[in-house]
Amino acid sequence: MKFEVTILGSSSATPIFNRNPTSQVLNINERLYLIDCGEGTQQQMLRFDIKASRIDHIFISHLHGDHYLGLVGLLSSMHLNGRKKPLKLVCPVQLKEIIDLQLKYSDTELQFPVEYIFTNAQQSEVVINNNDVVVETIPLDHRIACTGFLFKEKKRLRKLIKEKIEKLDISVAYYSVLKKGGDYTDEKGTVYKNESLTIDSAEPKSYAYCSDTMYNESYFAQIANTTLLYHEATFLNDMLDRAVITHHTTALQAGEIALKTNAKKLLIGHFSARYKTLNELLDEAKINFPSTELAIEGKTFFIE
Ligand SMILES: [Zn+2]
Ligand SMILES: [Zn+2]
């Protein structure tokens, strides 16, 4: 099953040095999930060939402009391009009021239904649960209400060992039982253990999206053992005071968080406009967690 994330924007606060405000798109089993939608997201989607018509879920972490100012534009384009199918929008409750106001004064009635799922920054909740994935909110510690999102792949069914199934001439009617772990008994009463007929599917993978937040151990347990942890790393650690005041994280801390939560890999982003180049941020995160990469726009990271 495909499980990968493409970075559309990695800048904090303002667009600068060819970097755009935050946005990412997850591809889970060929369904697209957009996470945050800063200004410029539509242009980035065109640039990296991400089709808006394939997005059925949008997640907005919080209401700082660098995370949602591209959203009304995107909804507007979906409307103009004739979208009819529903869109699920997971976001803070106030976003509905903002969107409704903009649509009201442009006398626009969207031609597709928007199903709102409001986040609660005080406690984690499951916001999406479908055949492929469960998505939980991650309450973060930011200046305003903010939640990250934890995407947990569902465990797949067991795989049939084709040669054995054919050899025993097991009827198709039994396949679903076997895939769920049941044993097989033939007409003579001989029992075949499930493990001899099937193999286990791969362990489910997970992706944690943590932006924006200051270092706070309150969410560490929830993001323990993620396959890929995206964590904001707005500043270098010599700006720690500023990070605390603005409720952001330093690259050194992001590496420490990945280490303490036993992430398999770390991806850092949400870079301050003060950094023209990003190598120092990467090097600093690697002090604590060598398996770190920069969230470079246009790059796709496999969650494996
Ligand atoms: Zn931000
Ligand atoms: Zn913010």
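All figures in this text were calculated on a predicted structure; none of them were measured in a lab.

Concerning the coordination of the zinc ion (ligand 2)
Six octahedral donors around a metal ideally sit at 90 or 180 degrees from one another, while four tetrahedral donors ideally sit at 109.5 degrees. At the metal site, the zinc ion (ligand 2) is ligated by H62 (NE2), H64 (ND1), H142 (NE2) and D212 (OD), and these contacts range over 2.1 to 2.4 Å. If you list the donors of the zinc ion (ligand 2) from N- to C-terminus, the spacing comes out as H-x1-H-x77-H-x69-D.

Quick look at the coordination of the zinc ion (ligand 1)
Those donors, D66 (OD), H67 (NE2), D212 (OD) and H270 (NE2), are the protein atoms that reach the zinc ion (ligand 1), and they lie 2.1 to 2.2 Å from it. Viewed at the metal, the four donor atoms of the zinc ion (ligand 1) are separated by angles of 91 to 168°, and the geometry they form is irregular. Along the chain, the residues donating to the zinc ion (ligand 1) fall in the pattern D-H-x144-D-x57-H. Metal-to-metal, the separation of the zinc ion (ligand 1) and the zinc ion (ligand 2) is 3.4 Å; D212 coordinates the two. In this pair, D212 is assigned in the loop between strand 14 (206-210) and strand 15 (228-232) and H270 in the loop between strand 16 (265-269) and helix 9 (279-288), connecting sequence segments 58 residues apart. Here D212 matches H270 in class, with each residue buried.

Points about the UniProt feature "binding site: Zn(2+) 1" (unreviewed entry) in the protein chain
Those residues carrying the UniProt feature "binding site: Zn(2+) 1" (unreviewed entry) are H62, H64, H142 and D212 in this numbering. Taking the farthest pair of C-alpha atoms as the criterion, the annotated set spanning 151 residues converges on one region, since that pair is 10.3 Å apart. H62 gets classed as buried once you look at its relative accessible area, which sits at 0%. With residues up to four places along the chain from it excluded, the contact list for H62 reads H67, Y68, P92, H142, I144, A145, C146, S211 and D212. Not counting residues up to four positions away in its chain, the partners in contact with D212 are H62, D66, H67, L140, H142, C146, E232, H248 and H270. Here H67 takes part through its side chain, which lies 3.0 Å from a polar atom of the side chain of D212.

Quick notes on the UniProt feature "binding site: Zn(2+) 2" (unreviewed entry) in the protein chain
As annotated in UniProt, the feature "binding site: Zn(2+) 2" (unreviewed entry) corresponds to D66, H67, D212 and H270 in the numbering used here. These residues run over 205 residues, yet every pair of their C-alpha atoms falls within 10.4 Å of each other. Position of H67 relative to the elements: it lies in the loop between strand 4 (55-59) and helix 2 (71-80). Beyond its immediate stretch of four places on either side in the chain, H67 contacts T22, D36, C37, G38, I60, S61, H62, Y209, S211, D212 and H270. In terms of polar contacts, H270 uses its side chain to reach the side chain of D212, at 3.1 Å.

A look at the environment of G181
Mapping G181 onto the fold places it in the loop between helix 5 (175-179) and strand 11 (184-185). Here G181 falls in the partly exposed class, since its relative accessible area comes to 33%. With 90 residues separating them along the chain, G181 and C91 place their C-alpha atoms 38 Å apart. For G181, the residues in contact, after removing those within four places along its chain, are R158 and N194.

Some details on the sheet that holds strand 8 (residues 133-139)
The seven strands are arranged 7-8-9-14-15-16-17 in an open sheet whose pairing can be described as mixed. Here the strands that pair on one side only, and so sit at the sheet edges, are strand 7 (126-129) and strand 17 (292-294). Averaged over all pairs of adjacent strands, the angle between strand axes in this sheet comes to 15°, irrespective of strand direction. In this sheet, strand 15 lies alongside strand 14 in parallel orientation, the contact comprising four bridges.

Digging into unusual backbone geometry
Where the residue is not glycine, phi is negative for most of them; where a peptide bond is considered, it is trans in most cases. Residue D212 is reached from S211 by a cis peptide bond, and omega for that bond is -5°. A positive phi angle, close to 65°, is found at N225, a residue other than glycine.

Concerning the environment of K299
Counting through the fold element by element, K299 comes out in the loop between strand 17 and strand 18 (300-302). Residue classification places K299 among the partly exposed residues on the basis of a relative accessible area of 37%. Distance from K299 to T6, taken between C-alpha atoms, is 5.6 Å for residues 293 residues apart in sequence. If we skip the residues at most four places from it in the chain, K299 touches V5, T6, I7 and E293.

Some points on helix 8 (residues 251-260)
Taken as a whole, helix 8 has its buried residues at A251, Q253, A254, G255, I257 and A258. Contacts from the buried residues of helix 8 go to strand 15, helix 7 (240-246), strand 16 and helix 9. Backbone geometry just downstream of helix 8 places N262 in the positive-phi region, at approximately 60°.

Rules used in this analysis
- Residues numbered from 1 in each chain as written.
- Chains lettered and ligands numbered in written order.
- Predicted model: local features only at pLDDT ≥ 70, side-chain atom pairs only at ≥ 80, totals over all residues.
- Heavy atoms only, no water.
- Donors = N, O, S within 2.8 Å, 3.2 Å for Na, K, Ca; no water.
- Tetrahedral: all angles 85-135°; square planar, octahedral: opposite > 155°, others 65-115°.
- Helix = DSSP H or I, 4+ residues; strand = E, 2+ residues; numbered from the N terminus.
- Buried < 20%, exposed > 50% of the residue type's maximum accessible area, 1.4 Å probe, protein only.
- UniProt positions renumbered as here; feature names shortened; annotations may be inferred.
- Contact = heavy atoms within 4.5 Å.
- Polar contact = N/O pair within 3.5 Å; in protein donor to acceptor, adjacent residues only side chain to side chain.
- Pairing = 2+ DSSP bridges.
- Axes fitted to C-alpha atoms, helices over the stretch in contact; angles between N-to-C directions.

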